[in-house]
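Residue-level structural notes
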Amino acid sequence: MVDTCFLSQGLTTLAGLLLLPFGSLAASQIEDQAEQFFRSGHTNNWAVLVCTSRFWFNYRHVANTLSVYRSVKRLGIPDSHIVLMLADDMACNPRNPKPATVYSHKNMELNVYGDDVEVDYRSYEVTVENFLRVLTGRIPSSTPRSKRLLSDDRSNILIYMTGHGGNGFLKFQDSEEITNIELADAFEQMWQKRRYNELLFIIDTCQGASMYERFYSPNIMALASSQVGEDSLSHQPDPAVGVHLMDRYTFYVLEFLEEINPASQTNMNDLFQVCPKSLCVSTPGHRTDLFQRDPKNVLITDFFGSVRKVEITTETLSLQPDSGVIESSYKKDQMVEELMEPLKYAEQLPVAQIIHQGIFLNQGPNPCLSNLLCLLP
Amino acid sequence: MGLLSDPVRRRALARLVLRLNAPLCVLSYVAGIAWFLALAFPPLTQRTYMSENAMGSTMVEEQFAAGDRARSLARDFTAHRRKSGALPVAWLERTMRSVGLEVYTQSFSRKLPFPDETHERYMVSGINVYGILRAPRAASTESLVLTVPCGPDSTNSQAVGLMLALAAHFRGQIYWAKDIIFLVTEHDLLGTEAWLEAYHDVNVTGMQSSPLQGRAGAIQAAVALELSSDVVTSLDVVVEGLNGQLPNLDLLNLFQTFCQKGGLLCTLQGKLQPQDWTSIDGPLQSVQTLLLMVLQQASGRPHGAHGLFLRYRVEALTLRGINSFRQYKYDLVAVGKALEGMFRKLNHLLERLHQSFFFYLLPALSRFVSIGLYMPAAGFLLLVLGLKALELWMQLHEAGVGPEEAGKTPGSSPPHPPTQGGEHTGPRQGLDGAETGGPHLPGTTAGLHHPHQLLSGLPTGRQHGACCCRHQALWTPAALHCPAGADEPSSYTPGQLVPVAGASGSTALPGRGLAALPGRTGPGRAGASHLRLPALPAAGSGPLPLLAALLERALLEVTEAARSSPRSLLPRK
């Protein structure tokens, strides 16, 4: 009898020992799920897409920017959250044999201009000053909403730039340039004003890696199409149009992004592998030292898409009837029947009252006045 | 003391220069010729490349296929032309209008300075016809020109046909950002010049032409076409223009890329591309092409209608279709495609062609030599003249220094120091008198004394200022002319103006003078440094020396008269 007791005890401990890893496994699963849900700290997405070069033979830079715009829109970021800056109008250029189109693939396979493109900064408005003002938010009050970057400290921002560049600078419109130091300082201003949660910076120019080497603000990840001393090359000439349609790096990024949908779990490490030297001829580079999360935990849709998180919960919630609310509504019905006074229109905008009350502003918040403030931009 | 201000050192330097001069001259000349010949070889020639970004590396698809239409239009043109005898203006207007262009005409006339060889007449008049294809979606600020010059001897009818067929094809495209002008001119270059002058509102050749009714903006580039046969075996390109001016090299590069793309046979100066550069044939052919180009530029003639466009800074080329005995022939569609491609690429331009070279030489169609590399050849040749002038100057200076030093010691025995010493005072007086004679004859009177001053030594010459030095070179040969006569020291008296040959004399006998110089002016050979009345040259030596001597005498008399007249003009000094 003692033997059986001993045996049963041993069995239970053995069972306990066997079940322990399963228990810990279950606990770690919950932890994983929790970690997944709180993977990124952002609540909204913005995109600033800039093409800095003009003239017909720089068709490919406009096509680059428009293909990123197309992907970003497809993955969920609305036009109100995209600031698109194009330095020249290729679609309506008299030299375009197919007006109102901009193609990224030859033989007119893909028209990235589309029907509903919204260009915010166009032609000569694309200047270094305007770009920096958009980033830092120092914008004159007359600027329309579509031209502002209204991001907050929970925004993930994608910044894509393309054009002609060199070691440490990017040329704007053939007349001015932005240096990597200016750009780094602009990002620091953004950080100090809490204008971003995380920032992804992609640049497709010659010697693009020089543009991100000066960043010093936290939470920035950067990608470039070529290293210092290398040129980024263009991809395909189209004999029907007569120009090169795309740059290589962005062409392969576009092909990569075409396979992403809002639910995909592809992470940044895959983006780093896009366009190896054999396809791109130049060596793409990236920088992640300022970024706090591990790139393999960063989803592509964290920056390129705007994903609303949905949590399905199995808990039940019971709604208690609020007796106070029911009684007051009952009373109101009775009051209406009793009053029967002649009805008149209420004053829509009691200006006199507001002016009066404005003088006594420091006497506490006035609901009318606060309503007026909401109307101001 | 510095190198040049120390007389001892200067003399040593002068002697060095004189000793080395002849070999240096020969060396420099040979170097110039050798450099020029070396231009044909690879290190100095470079492959052509497209410099203009806007015309970049991308090719465009050509879609021209209306060869039949071109041929039928050409036949119509020939028939109408034969019927009317001159350019069939009405037919051209009708056809251009049917193709969809805005048609205008311009009449011009010119009185020729020499009678026309074939027709023995002075007055030439004609009518130019041109049609403008407006860019559908752009403002008419810039334009391109396709011109076909028609002369009485060159029919050029296939070119007209091709031009009209191209116009019809271009009219159907929507990608034009510049207007295109299709121009048919009468009397070849005369008509082209009349049109250009009226277009740019200038009158440089005295042509009477009616003003142009239709304009299309600034012309960026032009192509002149000469085709007289239905099929061609090769296309010859001509670049040399009026006064040797050349179009921007990018235009030639553009043509060459389309030649390569379409597989057309293209020639330069009528010569094919040299195929092998390893053996001597390639470089030899390129030297030939180079020399031909230099000769054509030197002639100054515009070798095609394009040559007249260059003066207005419109880059232009002439394409000539050549039909030879070759088996493989290209039809009008191939030529049309090349032209379509060229115009489409020119359409992409945003500014005038300015990125590539304006001065170059072409050893072959795909190779060029820029001015920086061929200028040293000309520089070496000109260096010979510079060296020679330096040598002359040094020699005269040497000769002058020697007798002066001799003259400082009165008791020395060289034959003419006393007379030279006496001559010092005389000429000086004379020179003063001449200068007070005024600016009226400073050249003659001052110059009359200059050789004398020269040979008496530079210091005296320097005392009388810069005007003396200026005339040194002019009068030097004259001095050489004088010793040709008899050696008569006693014929010279102080106070008498020394007669010297005038300018005509100097030009008449430079060679003789220069040859005489080394033998005459050297230190210690003061016997030659005399001046005397010029003995009339021997009858057999020709009319020019006689003329020179007569002129001298005349000048002498004039200056005598001027000297004797009391201060007719205020002195300069």
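Before reading further, recall that the structure is shown in the block above.
Throughout what follows, the structure given in this document is the object of discussion. None of these values were measured; they are calculated from a predicted model.

Parameters and conventions
Going along each chain's sequence as written, the residues are numbered from 1 onward. For this description, chains carry letters from A and ligands carry numbers from 1, given in the order in which they are written. In keeping with the model being predicted, local features are shown solely for residues with a pLDDT of at least 70 and side-chain atom pairs are shown and tallied solely at 80 or more, while totals for entire chains, interfaces and linings include all residues. Side-chain metrics rest on all non-hydrogen atoms present in the structure, leaving aside hydrogens and water. Runs of H or I in DSSP of at least four residues are treated as helices and runs of E of at least two as strands, each being numbered from the N terminus. Between buried and exposed lies partly exposed: a residue is buried under 20% and exposed over 50% of the maximum accessible area for its type, with that area taken using a 1.4 Å probe on protein chains only. Whether two residues touch is decided by their heavy atoms; if any such pair falls within 4.5 Å, the residues are in contact. Accessible surface area values rest on a Shrake-Rupley calculation with a 1.4 Å probe, where residue burial reflects the displayed protein chains alone. Each salt bridge in this description consists of a side-chain nitrogen of Lys or Arg and a carboxyl oxygen of Asp or Glu lying within 4 Å of one another. The buried area of a pairing is the accessible area, by a 1.4 Å probe, that goes missing from both parts when the two are put together, added over both. Polar contacts, as used here, are pairs of N or O atoms within 3.5 Å; protein pairs need one atom able to donate a hydrogen and one able to accept it. Residues neighboring in sequence count only if both atoms are side-chain atoms. Any residue that is not Ala, Val, Leu, Ile, Met, Phe, Trp, Tyr, Cys, Pro, Asp, Glu, Lys or Arg is counted as polar, Gly included; the first ten are nonpolar and the last four charged. Bending is quantified residue by residue as the angle between axes fitted to the seven-residue window ending at that residue and the seven-residue window starting at it. A pair of aromatic rings is counted whenever rings of Phe, Tyr or Trp (Trp by its six-membered ring) have centres within 6.5 Å, and the orientation is called stacked for planes under 30 degrees apart, edge-to-face for over 60 and tilted otherwise. Here, the term disulfide refers to a pair of cysteine sulfur atoms separated by no more than 2.5 Å. Only strands that DSSP links by at least two bridges are regarded as paired with each other. The angle between two axes is taken between their N-to-C directions and runs from 0 to 180 degrees, where each axis is a line fitted to C-alpha atoms and a helix contributes only its stretch in contact. Expected helix span is given by 1.5 Å per residue-to-residue step, counting one fewer step than there are residues.

**Focus on the overall build of chain B**
The helix and strand tally for chain B stands at 18 helices and twelve strands. Per-residue burial over chain B gives 50% buried out of 573 residues. At a minimum sequence separation of 6, the contacts of chain B that also span at least 24 residues come to 80%. When the accessible surface of chain B is totalled, it reaches about 25900 Å², and 61% of it is carbon and sulfur.

**Here's the deal with the overall build of chain A**
Within chain A one finds twelve helices and twelve strands. Put simply, chain A has 377 residues, and 45% of those count as buried. Long-range contacts, defined here as pairs at least 24 residues apart, represent 73% of the contacts in chain A between residues at least 6 apart. Looking at chain A as shown, the accessible area adds up to about 21100 Å², and 57% of this sits on carbon and sulfur atoms.

**Description of the environment of Tyr-374 of chain B**
All names here are of chain B. Mapped onto the elements of the fold, Tyr-374 is located in helix 10 (residues 371-408). For Tyr-374, a relative accessible area of 17% puts it in the buried group. The sequence separation of Tyr-374 and Arg-320 amounts to 54 residues, and the corresponding C-alpha distance is 28 Å. Beyond its immediate chain neighbours, meaning those up to four positions away, Tyr-374 contacts Trp-35, Leu-39, Phe-359, Tyr-360, Leu-361 and Val-369.

**Looking at the environment of Ser-299 of chain B**
Turning to its location among the elements, Ser-299 of chain B is positioned in helix 7 (residues 281-299). Taking the C-alpha atoms as reference points, Ser-299 of chain B and Asn-243 of chain B, 56 residues apart in sequence, are found 7.5 Å from one another.

**Considerations on the pattern of salt bridges**
Residues and elements named next belong to chain A. One pass over the full model with this rule turns up 24 salt bridges over all chains. Among the ionic pairs, Glu-125 bridges to Lys-147, the shortest N-O distance being 3.1 Å. You can see Glu-125 sitting in the loop between strand 3 (121-122) and helix 3 (128-136) and its partner Lys-147 sitting in the loop between helix 3 and strand 4 (155-162), a full 22 residues away along the chain. Residue Arg-293 pairs with Glu-198 through a salt bridge whose shortest N-O separation is 2.8 Å. Note that Arg-293 is positioned in the loop between strand 12 (285-287) and helix 9 (301-304) and Glu-198 in strand 8 (residues 198-204), a separation of 95 residues in sequence. What you see here is one network of salt bridges that share partners, running through Lys-73, Asp-79 and Asp-116.

**Describing the interface of chain B and chain A**
Interface size is commonly expressed as the accessible area that is lost once the parts come together. Facing 20 residues of chain B, the contacting portion of chain A comprises 18 residues. Interface of chain B and chain A: buried area, both sides summed, is about 1400 Å²; carbon and sulfur atoms make up 58% of it. The tally of links between chain B and chain A comes to zero salt bridges. In this structure, the connection of chain B to chain A is made through eight residue pairs in polar contact (both at pLDDT 80 or more). Per-class residue counts for the side of chain B that touches chain A are ten nonpolar, five polar and five charged.

**Focus: helix 1 (residues 7-38) of chain B**
Of all the bends in helix 1 of chain B, the largest measures some 50° and sits at Asn-21 of chain B, one to four residues before the proline Pro-23 of chain B. Within helix 1 of chain B the residues assigned to the buried category are Ala-14, Val-17, Asn-21, Cys-25, Ser-28, Gly-32 and Phe-36 of chain B.

**Some words on the packing of aromatic side chains**
Residues and elements named next belong to chain B. Scanning the model with the defined rule gives 21 aromatic pairs over all chains in all. Residues Phe-170 and Phe-343 carry aromatic rings whose centres are separated by 6.0 Å and whose planes lie at 50° to one another, so their mutual orientation is tilted. With Phe-170 in helix 4 (residues 157-171) and Phe-343 in helix 9 (residues 332-347), this residue pair connects regions lying 173 residues apart in the sequence. Residue classification places Phe-170 among the buried residues on the basis of a relative accessible area of 1%.

**Re the state of the cysteines**
Residues and elements named next belong to chain A. For the coordinates displayed, the defined rule picks out two disulfides over all chains. Across the disulfide from Cys-275 sits Cys-280; the S-S distance is 1.6 Å. Taking the sign of the torsion about the S-S bond as the criterion, the disulfide between Cys-275 and Cys-280, at about 95°, is right-handed. Among the residues examined, Cys-275 registers a relative accessible area of 4% and is labelled buried. Using a relative accessible area of 1% as the deciding quantity, one classes Cys-280 as buried. Cys-280 provides the cysteine sulfur closest to Cys-206, a residue in no disulfide bond, and the two sulfurs are 12 Å apart.

**Observations regarding the sheet that holds strand 5 (residues 164-166) of chain A**
Sheet strands pair via backbone hydrogen bonds, and the direction of the pair is either parallel or antiparallel. Residue and element names in this part refer to chain A. The strand order 5-6-7 describes an open sheet built from three strands, whose pairing is antiparallel. Two strands in the sheet have a free side with no partner beyond their single neighbour: strand 5 and strand 7 (176-179). Pairwise comparison of adjacent strand axes, ignoring direction, gives a mean angle of 30° for this sheet. Helix 3 contacts strand 6 (169-172) and strand 7 of the sheet and is inclined by roughly 35° relative to strand 7.

**Notes on helix 6 (residues 249-262) of chain B**
Residue and element names in this part refer to chain B. The terminal C-alpha atoms of helix 6 lie 20 Å apart, and with 14 residues this matches the ideal 20 Å at 1.5 Å per residue to within 8%. Within the sequence span of helix 6, burial applies to Leu-249, Asp-250, Leu-251, Leu-252, Asn-253, Leu-254, Phe-255, Gln-256, Phe-258 and Cys-259. A positive phi of about 70° marks Gly-263, the residue just after helix 6.

**Observations regarding the side chain of Thr-143 of chain A**
As for its placement among the helices and strands, Thr-143 of chain A is situated in the loop between helix 3 and strand 4. Beyond its immediate sequence surroundings of up to four residues, Thr-143 of chain A is in contact with Tyr-121 and Arg-148 of chain A.

**Looking at the sheet that holds strand 10 (residues 315-322) of chain B**
All names here are of chain B. What the nine strands build is an open sheet, ordered 6-2-3-5-4-7-10-8-9; its pairing is mixed. Two strands in the sheet have a free side with no partner beyond their single neighbour: strand 6 (208-209) and strand 9 (266-268). Summarising the sheet, strand 3 (residues 123-133) and strand 5 (residues 179-186) pair through five bridges and their orientation is antiparallel. Its bridge partner being in strand 5, Ile-132 is matched across the sheet by Ile-181. Contacting strand 2 (102-111), strand 3, strand 4 (142-150), strand 5, strand 6 and strand 7 (218-226), helix 5 (residues 189-200) crosses the sheet at an angle of about 135° to strand 5.

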